[in-house]
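Structural overview
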Amino acid sequence: MIETGPNIRGSVVDDEEVVLEEDVEEQRQDHYALLVRAWEAKVFPVIRRRFRNEQERRSGLEQIKGALLLGMTEIACQTVDFLYEDNGGRPKDLVLPTLDDIKEDLAKFTIDRLRPGMTVVIKPDDQEGHKFSVHGMHYTYGLHGIVLAVDYSNELVQVETYLRQEGVLVRYWYPLSVLERPIHHQLSAASTCNVDVKDCVVHRQMLYHENILANLYCRSALLALVENPRPNFKLPRQLSSKSFITATSPTEDQESSCSSTISLPQAAQPGEGQEPPNIEYVSMLSKELLRGPQPNGTVPPLTESCAPSACHVTEYNALSPLRMFYHSPARLRDALSKMIYGALIEDDAAPMALAARFLKVLYEAPSLFHLETVRLSDMKASYDIHFNHAAFLIISCRIASLDEKSNDAYPKCPWVRVFAHNGTLGLARDGQPLRQEVVHYPYNSTTYSTAYQEPSAVSVQSIARFPSVIIPFDRVHVRTISSTPSPPIIVNLHSIPAELCLTLAFVECVMSVANTDSAAIPSTVLLYCTEALCKVIRRVDLASSMKEMIFHLLAELIRMIPPTTKDLPNLCNKLKVFQTELHVLYPHELKANGGSKRKESSSLLDIKTSTYFQGLVELVFALREVVPDIGSRDTPDSSKDSGDLKSSPSVKRSKTAERQTLSKRRKMRAKTRGRECTKSPPEDPDGGDGGPGTAVSGWMEQAFACNVILRKLLNSGEGNSEAMRQMIQQTRDNLMATNCTSRLIVVCGLPTFYSTDRVKTTIRKLCSPVGGIVEGELFVPCHQYPLPPASKDEQLCKGVAVFQITSQEMIKDVVSMLQSSKFLKGEVSGGDSDNNRAYCVVTLGPDLLCGSDNSALIASAVELYSTSKFLKFDGSLNDETRTVLRTIFFSCNGKPSLSKVAVSNTTDGNMMYQFLSVFDDDIICTINNVFKEYGEKTSAETEELYFTFESFIGWVATVAKQNPVLALRGVLRCGFDLQYNLTYPTDKDYLQKLQKCSGRQVDEMLVQYVNRLCRARCLAPSRIHPQEILPSLSDKADPGLVPLVSMPLEYLRLRFAFLQCLNTWVGRYLLPAISLSTVHLYPRSIGGLLYQGRDLLFYDTKLAYLHFVVNNTNKRSTDNVPPEIIFDPLNFVHQPDRQQESTITVLAKEQLSRTPSSELCVKLATGGDPIFPFNVKLTGEAVQGTSGSFRYFVWLVAQELQSHSLPLLLECPSSSAGENRNKYVLAPKNLSYHDEALLQFLGVLLGVAIRSEVPFPIDCLQPFWKRLLGESVTMETDLRQVDIITDNFMRQLRALRSEVEFNELVGQTCPTHHLAKEECSPACPYKFSYASLHGYDVSLRAGSPRITWNNLSMFIDSVMSFRKCELDSDNLIPIIQCGLASVVPLEPLLLLGPQDLELRVCGQPFVDIGFLKLHTIYQVGISASDKHIEFFWNVLEGLSQEDLRKLIKFACNQERIPFSCPCQSEGSEVSHVPPYPMKIAPGEGRDDRLIRTETCMFMIKLPAYSSEVIMKERILQAINCRDDPLSG
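Residues numbered from 1 in each chain as written. Predicted model: local features only at pLDDT ≥ 70, side-chain atom pairs only at ≥ 80, totals over all residues. Heavy atoms only, no water.

1. Describing the overall build of the protein chain
Just so we agree on the cut-off: Strands here are runs of E lasting at least two residues and helices are runs of H or I lasting at least four, both read from the DSSP assignment and numbered beginning at the N terminus. In this scheme, a residue with accessible area under 20% of its type's maximum is buried, one over 50% is exposed, and one in between is partly exposed, where area comes from a 1.4 Å probe on protein chains only. When checking whether two residues touch, look at their non-hydrogen atoms; a contact exists if any pair is within 4.5 Å. For accessible areas, the Shrake-Rupley method is used with a probe of radius 1.4 Å. Any residue's cover is judged against the shown protein chains and nothing else.
In terms of regular secondary structure, the protein chain is built from 59 helices and 30 strands. For the protein chain, with 1528 residues in total, the buried portion stands at 52%. Long-range contacts, defined as pairs at least 24 residues apart, comprise 74% of the intrachain contacts of the protein chain with a sequence gap of at least 6. Approximately 69,400 Å² of the protein chain is accessible, and the part contributed by carbon and sulfur atoms is 50%.

2. What to know about the packing of aromatic side chains
Short version of the rule: Put simply, two rings from Phe, Tyr or Trp (the six-membered ring, in Trp's case) pair if the centres are within 6.5 Å, and we call them stacked under 30 degrees between planes, edge-to-face over 60, tilted for the rest. The criterion for a charge sitting over a ring is simple: Lys NZ or Arg CZ within 6 Å of the ring centre, and within 35 degrees of the ring normal.
Here the structure, examined in full by the defined rule, presents 38 aromatic pairs. Ring centres of Phe 779 and Tyr 865 lie 5.9 Å apart, and the angle between their planes is 65°; this geometry places the pair in the edge-to-face category. Of the two residues, Phe 779 is situated in strand S15 (residues 773–779) and Tyr 865 in helix H30 (residues 855–870); the sequence distance between them amounts to 86 residues. Across this residue pair, the class does not change: Phe 779 and Tyr 865 are buried. Taking the centre distance of 4.3 Å and the plane angle of 5° together, the rings of Phe 1172 and Phe 1190 count as stacked. Of this pair, Phe 1172 sits in the loop between helix H44 (1144–1152) and strand S22 (1175–1178) while Phe 1190 sits in helix H45 (residues 1187–1201), and the two are 18 residues apart along the sequence. In this structure, Phe 1172 and Phe 1190 share a single accessibility class: buried. Among the aromatic residues, those joined into a cluster by ring pairs are Phe 889, Phe 890, Phe 915, Phe 919, Phe 931, Phe 947, Phe 949, Phe 952 and Trp 955. When the ring centre of Phe 704 is taken as origin, the NZ or CZ atom of Arg 624, which lies over that ring, is 4.4 Å away.

3. Quick look at the nonpolar core
The following threshold applies: By nonpolar core is meant a set of buried Ala, Val, Leu, Ile, Met, Phe, Trp, Tyr and Cys residues that side-chain atoms within 4.5 Å join together.
Core analysis: the biggest nonpolar cluster contains 278 residues, and Trp 699, Phe 1193 and Phe 1256 have the highest contact counts within it. For this core, the element with the most residues is helix H17 (residues 498–516), which contributes 13 residues. Listed in part, the 59 residues of the second largest apolar core include Tyr 865, Phe 931, Ile 953 and Val 959.

4. Some thoughts on the sheet that holds strand S8 (residues 392–399)
As a reminder of what qualifies: At least two bridges found by DSSP between two strands are what make those strands a pair. Simply put, an axis is a line fit to the C-alpha atoms, just over the touching stretch for a helix, and the angle between two N-to-C directions goes from 0 to 180 degrees.
Taken in spatial order, the 4 strands of this open sheet run S6-S13-S8-S11, and their pairing is antiparallel. Each of the sheet's edge strands pairs with one partner strand only, and the pair in question is strand S6 (371–375) and strand S11 (469–471). Adjacent strand axes in the sheet meet at a mean angle of 20°, parallel and antiparallel pairs treated alike.

5. Focus: unusual backbone geometry
For residues besides glycine, phi is generally negative; the peptide bonds are generally trans as well. Its identity is not glycine, yet His 389 carries a phi of approximately 60°, on the positive side. On the secondary structure map, His 389 appears in the loop between strand S7 (381–386) and S8. A positive phi angle, near 50°, is found at Ser 1369, a position not held by glycine. On the secondary structure map, Ser 1369 appears in the loop between helix H51 (1352–1368) and helix H52 (1373–1381).

6. Remarks on the packing of helix H12 (residues 329–346) against helix H13 (residues 350–358)
When two helices pack together, their arrangement is captured by the angle between the axes and the distance separating the axes. Stated formally: Each angle is binned into one of four classes, with values under 35 degrees roughly parallel, values over 145 roughly antiparallel, values of 65 to 115 roughly perpendicular, and all other values oblique. Three categories are distinguished: nonpolar for Ala, Val, Leu, Ile, Met, Phe, Trp, Tyr, Cys and Pro, charged for Asp, Glu, Lys and Arg, and polar for the others, with Gly belonging to the last.
Remark: H12 packs on H13, axes separated minimally by 7 Å, with the N-to-C direction vectors making an angle of 140°. Judged on the interaxial angle alone, H13 and H12 are oblique. From H12, Leu 336, Met 339, Ile 340, Ala 343, Leu 344 and Glu 346 reach across to H13, where they touch Ala 350, Pro 351, Leu 354 and Phe 358. Across the contact of H12 with H13, the residue classes tally to 9 nonpolar, no polar and 1 charged.

7. Description of the state of the cysteines
Our working rule: The definition used for a disulfide is geometric: two cysteine sulfur atoms within 2.5 Å.
Summed over the entire model, instances satisfying the criterion amount to 0 disulfides. Unpaired in this structure, Cys 1260 has its nearest cysteine sulfur neighbour in Cys 1402, at a distance of 6.8 Å.

8. A few points about a nonpolar patch on the surface
Short version of the rule: Any residue with relative accessible area above 30% and no salt bridge may belong to a patch, with like charges joined within 9 Å and the nonpolar Val, Leu, Ile, Met, Phe, Trp and Tyr side chains within 5 Å. When a carboxyl oxygen of Asp or Glu lies within 4 Å of a side-chain nitrogen of Lys or Arg, that pair is called a salt bridge.
A surface patch of nonpolar side chains, amounting to about 290 Å² of accessible area, comprises Leu 70, Met 72 and Ile 75. Mapping Leu 70 onto the fold places it in the loop between helix H5 (54–69) and helix H6 (73–83). Judged by its relative accessible area of 66%, Leu 70 falls in the exposed class.

9. A few points about the sheet that holds strand S28 (residues 1478–1482)
One open sheet holds the 4 strands; their spatial order is S27-S28-S30-S29, and the pairing between them is mixed. If you trace the sheet from one side to the other, it starts and ends with strand S27 (1416–1418) and strand S29 (1492–1494), each paired once. Here the strands of the sheet are splayed against their neighbours by 25° on average, with no regard to which way each runs. Summarising the sheet, S29 and strand S30 (residues 1499–1502) pair through 3 bridges and their orientation is antiparallel.

10. Concerning helix H50 (residues 1299–1309)
Operational definition: For this quantity, the arc is that covered by the directions from the helix axis to the C-beta atoms.
Within H50 the residues assigned to the buried category are Phe 1302, Leu 1305 and Val 1306. With its buried residues spanning 95° around the axis, H50 presents them on a single face. Seen from the open side of H50, the exposed residues pointing more than 90 degrees away from its buried face are Val 1300, Glu 1304 and Gln 1308. At its buried positions, H50 is contacted by helix H49 (1284–1294) and H51.

11. A word on the environment of Glu 54
Here is the rule: A 3.5 Å cut-off defines polar contacts: any pair of N or O atoms within that distance qualifies, except that in protein one atom must be a possible hydrogen donor and the other a possible acceptor, and neighbouring residues in sequence count only when both atoms are side-chain atoms.
Mapped onto the elements of the fold, Glu 54 is located in helix H5. Given a relative accessible area of 41%, Glu 54 falls into the partly exposed group. At 2.3 Å, the side chain of Glu 54 forms a polar contact with the side chain of Arg 57.

Without other data, these values stay purely geometric and don't point to any function.
This is how it looks when you write it as structure tokens:
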């Protein structure tokens, strides 16, 4: 994530360089450690005899060593004195060394103390002179010098000195006697370090940097000359044919040579139609564009304050070599692409030759890559490490053994600190650049005093405590403390040469060209790149971040290479060792996220995996796509391949553990060879107890199958894959269990004096909030039933009602509402109540049975209902039943007469067998009886009986009269629901036929329909049974769903079950294990696959992943005080158009400008007292709680953004034509600093709206949300939304077919337009100028010439390009993205899409009364059946949407409320999303009192008004007088 706001840490300078020590050697030594060594050498051999046994001796000596290390020398001396207490005291010859003795010994200037690099002073010449002096040496006496070499045997020292007058460095050998230690004055930490100009090191450093700058300036000048040559100037030919020029900075061997020339690249001006740039030019350009250090010393500009602009922050991608290593990736990409296209045009061998030159460095990998390992020990250490030819260094830290128990207690000071020499911070006295701290471990420990503490993003993952950093330096200083952490940690420093950066960038450009034109790059080149990367990743111990990058490159390359390539399977087999690594890493990922309880799980649900694991998954899945059996089991030669691979930086295993693992694998292979059956994936991988190996296999199989199915779904013509067929067949088998009877509700004991219409109206009204009744079928028989009623006046209720609701998950809510209805109980009626009837509401089981106490009454009601489904009033079968029975009869073999053998056939699709199986356990006996009674002979010559359709109808009619419930069970057993619709395809052939009719368009429409259905029913897709899919009449009338509703219903249900299973697998197995950073970078990756198929994912699936990521990026500690915004609400009442400086938006931006964005990153707001990213305090108001004021602030800011007070949004031009009124787009403009800050704050507010679950009601059109997700604007559709006038005008111009038509059109507006000598009218629109979105006239060409028939197409293209440029807003969108990414990661938002993102951020602009009813609770003293509560809901149902928004604003200070809640997927027991639930409490008084609300609690205090008229009057009075922002 990106960080905005002030840089709290700033640049941490090495404190030991600011305060210089008197002695360099003293600075590098630990005095207390030397004191311990002196005691061990002089004291311990003497006193060890004073202990009685070995145990006491070991304990006593350890205590003395501990006291000495802590600086308590007196205690150590007293311990020794105590040992000699019996002998009269310590012996006089036993001398105890002290700290002063150590310092005095260190202060001695001896030959063994001298080291190269130390500063010494050459003593001034005495009167007699130094007899050893040579000519020129006497000028060095009295000067400072640097030791270059030491001859210990002869006590001679070579010293380099700077002669200031001559400006040269000289080197001479001196005897030790003429040298002395320099005396430095102590400087305080707050003072400025003055450079000692007498020190030769200063001048040596100056010459060194002058040499570097001269090379850099020459290179920049040469590149500028190549790219922008002067006229009549021809560049000389290159003198040498080296593949790469010298490094960016000279090495130590080149320091003395400042005149080394840079060979000119071959003449080539890129982009002028000449020869493409050659490799020397590209190499030089790549080194020119290498990223420099940010103010914090690292490369990734993830902090807005450390980056030149917001574009630099948003364009960085750790998985892209171009974006990671280069600060202008587009410039280098353009040069490399031109080289590649030039090689493709040249000849067939040129691309391979070009690839060989760039990839040469990978074959020389071990000699260019260097690794330094720092192991923490008990001794304090401080030393420099230099890496030759390194462009970058990757510093990482890992735990020595993941099996050891980690200590979660963070230390107060770091164990290790790493510094880099950053010249931008200033110079020390010796001329060296001050060292800047780039990282310390553990990361959340602090080395400075500040009120702000570094939070831990994920407390259970080691990556939060030991992050990897990349620095653009070749020399670092490492300092460790004298303590050993538990478990031990190891610091690795990997060097990255500049050649590797260019090579990886070349590979990325090759893939980019291949994605643009799949046939452009030969497969041999792609295979060669793959082999080179495979070689380097197997031979070199790279840093984990580099391996992660190469994993993604390899995966994309493998997917690009045609599967028929000959050597591809062999190459993939060499990489299968990484699958073994994935198996080893999987349990550690589970353990890091959930402890030992998760290590045997095969699901990654709610697990935050590491990016290294995600890259490994990408590579392994790519390998399995090419070689399917690579993941079945390890082959015997897998151990040979693993020999070339270095151990993973995240997983280190001992040799013993490896041998044990190999032994177990051999045993498992021996057992597996004896089995002939093929192992299938476990049906319930989460419930298995097979251990970690079974868990990773189960997860991998499910995730890979999900990956394969998605790829088949997105590739047209490949929808009939084996994996998809198996999944659909398995889904069909699961659908065979019906749930329609469990949604059947029986109400008994209704008042018999109610009319049937009144009962139906009441029940429908009660069921409407939960989705209503299926197809409106509500069975309420009258008194005369089963006889028809004599008249409408006599249709009184018989006391029972049977109906089916749309959702099984809402059955409890419906039963509760029915049981609490006073009307249905007869308590509110003036009629005579029937005390003999007991009112009850029950649900039925699968066989239409109920175990209630009133079973006889319920069975009678069910029998009446079953009779109504089969028979008419005259006792004959109804038409719907005859149609279903015809389907059942002819499903046997399609013949008009059936034999016993045909009916007894148990093959798939024979419904007759299923229908008859419900009448008796012995189905053969049932068939014999039916044939005996209703069978017929087809001819007199045969004795065999046959069953005809009419016989079947007659038999069913007889059964329906005797036992209608049993007959209805038979229909349900055949796969029909209560509306006689098929719930699943009856046989496999029919299933395959339906599957061919499907397409991606139907699936996407089905997902849209399900999303709409979920919002209407307040349920998640996972809680909807496939048999509950039944398009309503309004759905069938929707033009956008015509292809969907034309499909057979049984197939829609099956397809929904398939998509439901697919979404479950994606959320559980795939999404947690992949990286979405590769969405735009690598389109063939799994992340790119999910991005392309995001329309196949339900909204709740994408939202669940977004919420998981948001909760796992919580950065604010619970101990930190939330940021606060303070303002007076009375200053913002009735002021729609305020000055920009006086808006609440600007005020809030200024108050939050002193807060880092990490303090705004909190978990999703839940519960009654949610935690928001910041608190809002309203001065002058006594407010209890923060919710109401926060919601009021969000609403107020949204109103300001859509007003003339702030210049960020602009009302779309279509509103002037009556389209998209009050809809806005981003206002195009040239940015000022103030505008940039406001745009960034807008992005922060969008992220705050997501984390706070408070809708941010800005009505922006789709182009804004598309650009926010990095998508391009579609002019065919988006332009009509934004500017319908321009769209109609362009369509009108495109429709012209001749010059005559053009002149006629122009003449209607400007009659003199066609006359060349006459000037056009100023209002003439037919000039090369057009109005911008702001309404200003902008010239599209110089001079704005008139439009003619010949340049008409040019004018149309110019206008469209101009509008697209305005809608793209390339200079504005990165700033908003920067602010948004500082609060919410951008990657999970990519799955949402523009419409879903708008819905998540802004909410829906209408109020759903049904959803509000389900999320309303009633305080003590009132219930939903009270009269005034019914009045309240009746009034709300009659209000307009505008009045409903006013009511919501009056009740909770926000006009839009969320229509998604955790209770949709997890049940009503979980915490609701704020502000839910709405609370209705009893108010004071009755008709004379007003309605009061408490906005923080979303509570309405409602008096018990006596009539609905008074209720409506009081509600309208309250919502229209709601100007006071805090009514509660």
